[in-house]
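# Notes for the structure review
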Amino acid sequence: MTTQAAPLTLFEKLWRQHLIAELPGGVGLLAIDRVFLHERTGSIALKSLHEAGRTVRDPARVFCTMDHIVDTIPGRSDDTRMPGGKAFITETRAAALAAGIRLFDVQDPDQGIVHVISPEFGIALPGTTIVCPDSHTCTQGALGAFAWGIGSTEAEHALATGTLRVQKPNSMRVSFAGVLGVGVSAKDLSLALIARYGSVGGNGYAVEFAGAAVRALDMEARLTLCNMATEFSAVTGFIAVDDVTIDYLRGRRYAPRAEAFTAAAAAWRELLSDPAARFDAEIEIDVTELAPMVTWGTSPQHAVPVTASIPDEIDSGTTPQSYQRALEYMGVTAGTRLQDLSIDAAFIGSCTNSRMSDLRRAAAILRGRKVAPGVRAICVPGSMTVKRLAEAEGLDHVFRAAGFEWRESGCSMCFFSGGESFGKRERVISSTNRNFESRQGPETRTHIASPETVAASAIAGHLADVRMLASVPPGQG
Amino acid sequence: MQTFTSITAVAAPLLRDNIDTDIIIPSREMKSVSKTGLADGLFAGWRYLEIGGRDPNPEFVLNQPAYAGTAILLGGGNFGCGSSREHAVWALAEYGIRAVLAPSFAPIFHGNCVRNGIAPVKLPADAIAGIAGSVASNPAANQLTVDLRSMRVSLADGRHWSFEMGEEQREMLLEGLDAIDLTWKWRTQIENFVAADRKARPWIYLDNSVR
Ligand code: SF4
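To keep things clear, this report deals only with the structure shown in the data block. What you see as residue numbers is a count from 1 along each chain, following the sequence as written. Chain labels run from A onward and ligand labels from 1 onward, assigned in the order the entries are written. A pLDDT threshold of at least 70 governs which residues receive local features in this predicted model, and a stricter bar of 80 or more applies before side-chain atom pairs are shown or counted, although totals over entire chains, interfaces and linings include all residues. Working from all heavy atoms in the structure, the side-chain values ignore hydrogens and water.

All names here are of chain A. The buried label applies to any residue whose accessible area, calculated with a 1.4 Å probe on protein chains only, is under 20% of its type's maximum; exposed applies above 50%, and partly exposed to all values in between. Comment: elements are numbered from the N terminus, with helices defined as DSSP H or I runs of at least four residues and strands as E runs of at least two. Here strand β2 (residues 27-31) lies mainly inside the structure; five of its five residues are buried. In this sheet, β2 lies alongside strand β1 (residues 19-23) in antiparallel orientation, the contact comprising four bridges. Opposite Leu 23, over in β2, you have Val 27 as the bridge partner. Being paired, for any two strands, means DSSP has found at least two bridges between them. What sits between the antiparallel neighbours β1 and β2 is a turn of three residues, in which Gly 25 has the positive phi angle 75 degrees. In this structure, β2 lies alongside strand β8 (residues 163-167), joined through five bridges in antiparallel fashion. Along β8, the bridge assignment pairs Leu 29 with Arg 165.

What follows is the structure, encoded as structure tokens:
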């Protein structure tokens, strides 16, 4: 008689595949397959490692990019608008060179935001463990990987030993059932989840995104969905491997080739939760009725349908103190219709929503239309590759003709590093992931939404429902 | 790394939820590739009257004389969310904070605390509010003790609360151990794993031929 192997979750499979030793207290010593660094937090890890007399164990599996504080203004150099920023760039370059790791440098045609270029070049692969001293590393879990953000000290550990000591998280499955409506996309799924279950809803969990609505997403949309697992306070977010995953990776630079690809793909196809696998927590959300979402406050959980009004305290899912502070900071009052809030700026970019499909959907809204007078609009492609591909399709013309600035790739004004920023109390509709106080500049008021909602709002001059524009041909809307 | 066994000190309330790492150390205050020189920028947006300035904001709790010598923070939920920057923890440590009490911590921040000798102590929100209330009447007299050996938080008046922490995290704090040195004790297992894995998953192992 053979005993049936117990059904496993995908996370359990990923965990076991990398487990070198079990340490006390539910900690595993895990093999780390990929380390990515950037100039903001990675440079200090390399420097500190060097100062401790340690070396990078396997430089061929370590990558570094300049994305956070490089300028995105065309004609950029090592000088950045962030005071003291140049030192981060030059010191990162020197450290990366000394360590012998692949650096996507300022002038590199392959430069881009870490979580955009890692999938783009097949650095992140299904079944890999990927760490980066950056909280949005969970983005890369979309490929069926265990990808998570760490601190710089942990990064040193991963660089030196090729391992990490990891507290094993609990498992959660978030299933999105149904079919997404027109004008609704992956960003709205993230925001709806966090609005409903709170910004700590995923605390302590490794979250698998599943369900028909997720299977129907292309890879770029899946990256968007997993990106905001950190805003849910989850350790990571990830999606099982399917044809979408395998097709996406074929021919990418660091992915295996030819027969090696076929062999790898066969192994990758095992990377899904067994049908009877049990999760520590399960959430199911039907997306059929979902509207485009926009945030009104200063936490991603302050998200509501764009057709809604600013909620009363009782419906806000927030403590009275936090609620009042959020209203005050955002300069809004309960009961105001979101679509009555006029905007000063619109931003399309960031590791959440700056890939080709994002730019295409935004451009489809912008084509033949103009940004409302007085609105500053900026588009920052997520990588130089995205930028080139978009230009080959003529998307840059669409953005420019509508009145958008067209930038070099980088994190740009997704966050305020001390350099460029939006103005005080300016209201910004943004395709980024954080609407925290002063995230995009001192006292800047950020509303986060999908890139198509950002485009529609830029045209309207106020927060807008993209579904209205999508149905009206340009020239009449 | 500095060890943590027990501390008795003034505790300061910062009870708002979702205090993110950019509030703890604004990005603009991370001026060089360094782990030090950050204490001055701690909570800069709240602590000073002007952005980039250094005139203390008298309203901010850490600027109030009663909270001088604070070494323990009482926080709200999702403490340390946002950017993974370890600078937030380096700034706290340099300022003299040795423990943070909160109903929940963002995972990366929690890990960063443990690696820098700061005890992240998880307690229910009402317990923390209760502690903050007791402390407020006279912070210097009503000092708080956080003891990692007994896994207890106690007030001078004798009231106390138990907390839990993972064994590994607790050991690291108590012993002040360097995690890399600890891990190298498993060197044989690591080498064996890599040797077997190279055969099982050859695509993981890159060489420098592709750049
Ligand atoms: S784009 Fe924004 S969220 Fe993404 S890595 Fe850069 S700063 Fe972080």
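More follows now that the structure is in view.
A few words now on helix α14 (residues 395-402) of chain A. All names here are of chain A. Among the residues of α14, those classed as buried are Leu 395, Asp 396, Val 398, Phe 399 and Ala 402. Looking down the long axis of α14, one finds its buried residues gathered within 160 degrees of arc, a one-sided arrangement. We call two residues in contact whenever any of their non-hydrogen atoms come within 4.5 Å of each other. Looking at the buried residues of α14, the elements they touch are β15 (345-348), α12 (356-366), β16 (376-379), α13 (384-392) and β17 (404-406). Where α14 ends, the next residue or the one after it, Gly 403, has phi of about 110 degrees, a positive value. Read the arc as the range of directions from the helix axis to the C-beta atoms.

Let's shift gears to the nonpolar core. The biggest cluster of nonpolar side chains holds 131 residues, and the ones touching the most others in it are Phe399(A), Phe43(B) and Leu101(B). Sequence-distant contacts of Phe43(B), defined by excluding residues within four places in its chain, comprise Leu14(B), Ile19(B), Ile23(B), Ile24(B), Phe60(B), Leu62(B), Leu73(B) and Leu92(B). Buried residues of nine kinds, namely Ala, Val, Leu, Ile, Met, Phe, Trp, Tyr and Cys, make up a nonpolar core once their side-chain atoms join them within 4.5 Å. If you look at the next biggest cluster of nonpolar residues, it comprises 101 residues, including Leu10(A), Ala95(A), Ala206(A) and Phe238(A).

Let us look at the packing of aromatic side chains. What counts as a ring pair is set by centres within 6.5 Å for rings of Phe, Tyr and Trp (its six-membered ring), and what kind of pair is set by the plane angle: stacked under 30 degrees, edge-to-face over 60, tilted for all other angles. Under the criterion given, the structure shown has 21 aromatic pairs over all chains. Where Phe176(A) meets Phe209(A), the ring centres are 6.3 Å apart and the plane angle is 20 degrees; that geometry is what we call stacked. With a gap of 33 residues between them, Phe176(A) in strand β9 (residues 170-177) and Phe209(A) in strand β10 (residues 205-210) connect regions that are remote in the sequence. Of the two residues examined, Phe176(A) and Phe209(A), each falls in the buried class. Ring plane angle 10 degrees and centroid distance 6.4 Å describe the contact between Phe105(B) and Phe109(B), whose orientation is recorded as stacked. Owing to a relative accessible area of 5%, Phe105(B) belongs among the buried residues under this scheme. Three or more aromatic residues link up through ring pairs in this structure, and these residues are Phe11(A), Trp15(A), Phe146(A), Trp148(A) and Phe238(A). The ring centre of Trp184(B) lies 3.8 Å from the NZ or CZ of Arg187(B), which sits over that ring. Both a distance and an angle decide whether a charge sits over a ring: NZ of Lys or CZ of Arg must be within 6 Å of the ring centre and within 35 degrees of the ring normal.

Another aspect to go through is the environment of Ala136(B). Checked against the element boundaries, Ala136(B) lands in helix α5 (residues 125-137). C-alpha separation for the pair Ala136(B) and Pro13(B), spaced 123 residues apart in sequence, amounts to 8.5 Å.

Time to look at the pattern of salt bridges. Any two side chains of opposite charge can pair if their charged atoms end up close together. Salt bridges are defined by distance alone: a side-chain nitrogen of Lys or Arg within 4 Å of a carboxyl oxygen of Asp or Glu. Inspection of every chain in the model, using the stated rule, returns 48 salt bridges over all chains. The salt bridge partner of Glu452(A) is Arg361(A), with a shortest N-O separation of 2.8 Å. One end of the pair, Glu452(A), is in helix α15 (residues 451-460); the other, Arg361(A), is in helix α12, and 91 residues separate them in sequence. With a relative accessible area of 28%, Arg361(A) lands in the partly exposed category. Note that Arg54(B) and Asp40(B) form a salt bridge whose closest N and O atoms lie 3.2 Å from each other. Taken together, the residues span a long stretch of sequence, with Arg54(B) in the loop between α2 (44-47) and β2 (70-75) and Asp40(B) in the loop between α1 (21-24) and α2 at a distance of 14 residues.

Let us now look at the sheet that holds strand β12 (residues 281-286) of chain A. All names here are of chain A. Strands sit in the order β11-β10-β9-β12 across an open sheet of four strands; the sheet is parallel. The open sheet has two edge strands, β11 (236-238) and β12, and neither has a second partner. The sheet shows a mean angle of 20 degrees between the axes of neighbouring strands, direction not considered. Alignment of β9 against β12, held across six bridges, turns out to be parallel. By the bridge assignment for β12, Val 174 is matched with Ile 283. Helix axes are fitted only over the stretch in contact, all axes being lines through C-alpha atoms; the angle between N-to-C directions runs from 0 to 180 degrees. Across the sheet, helix α6 (residues 186-197) lies against β9, β10 and β12, angled at about 120 degrees from β12, the strand it touches most.

This part takes up the interface of chain A and chain B. Of the residues lining the interface, 81 residues belong to chain A; the matching set on chain B comes to 61 residues. Throughout, buried area stands for the accessible area (probe radius 1.4 Å) lost by two parts on being put together, summed over both. Together, the buried faces of chain A and chain B total about 5600 Å²; carbon and sulfur atoms form 56% of this surface. The interface formed by chain A and chain B contains eight salt bridges. Here Glu191(B) ties to Arg57(A) by a salt bridge, and the two come within 3.1 Å at their closest N and O atoms. A 3.5 Å cut-off defines polar contacts: any pair of N or O atoms within that distance qualifies, except that in protein one atom must be a possible hydrogen donor and the other a possible acceptor, and neighbouring residues in sequence count only when both atoms are side-chain atoms. Viewed at the interface, chain B and chain A are joined by 26 residue pairs in polar contact (both at pLDDT 80 or more). The element contributing the most residues to the side of chain A that touches chain B is helix α5 (residues 152-161) of chain A, with seven residues. Here the side of chain A that touches chain B is built from residues that sort into 32 nonpolar, 30 polar and 19 charged. Here the nonpolar group is Ala, Val, Leu, Ile, Met, Phe, Trp, Tyr, Cys and Pro; Asp, Glu, Lys and Arg are the charged ones; every other residue, Gly included, is treated as polar.

Residues and elements named next belong to chain A. Here Thr 298 lies in the loop between β13 (293-295) and β14 (303-305). It is 8.8 Å that separates the C-alpha atoms of Thr 298 and Arg 325, two residues lying 27 residues apart in sequence. Discounting residues that sit within four places of it in the chain, Thr 298 has contacts with Ala 326, Tyr 329, Met 330, Asn 435, Phe 436 and Glu 437.

Here we take up the sheet that holds strand β5 (residues 102-104) of chain A. All names here are of chain A. With respect to topology, five strands assemble into an open sheet ordered β5-β4-β3-β6-β7, the strand pairing being parallel. Across the chains shown, the open sheet's two edge strands, defined by having one partner strand only, are β5 and β7 (146-149). The mean angle between the axes of side-by-side strands here comes to 20 degrees, regardless of whether they run parallel or antiparallel. Where strand β6 (residues 129-132) meets β7, four bridges bridge the pair, whose relative direction is parallel. Bridging across to β7, Cys 132 finds its partner in Gly 149.

What follows covers helix α8 (residues 187-200) of chain B. All names here are of chain B. For α8, built from 14 residues, the straight-helix expectation of 20 Å at 1.5 Å per residue is met to within 8% by its first-to-last C-alpha distance of 20 Å. Every buried residue of α8 is listed here: Ile 190, Phe 193, Val 194 and Asp 197. Viewed along the axis of α8, the buried residues span an arc of 100 degrees, placing them on a single side of the element. Along α8, the residues that are exposed and aim more than 90 degrees away from the buried face are Thr 188, Asn 192 and Lys 199. A helix's residues, less one, multiplied by 1.5 Å, set its expected span.

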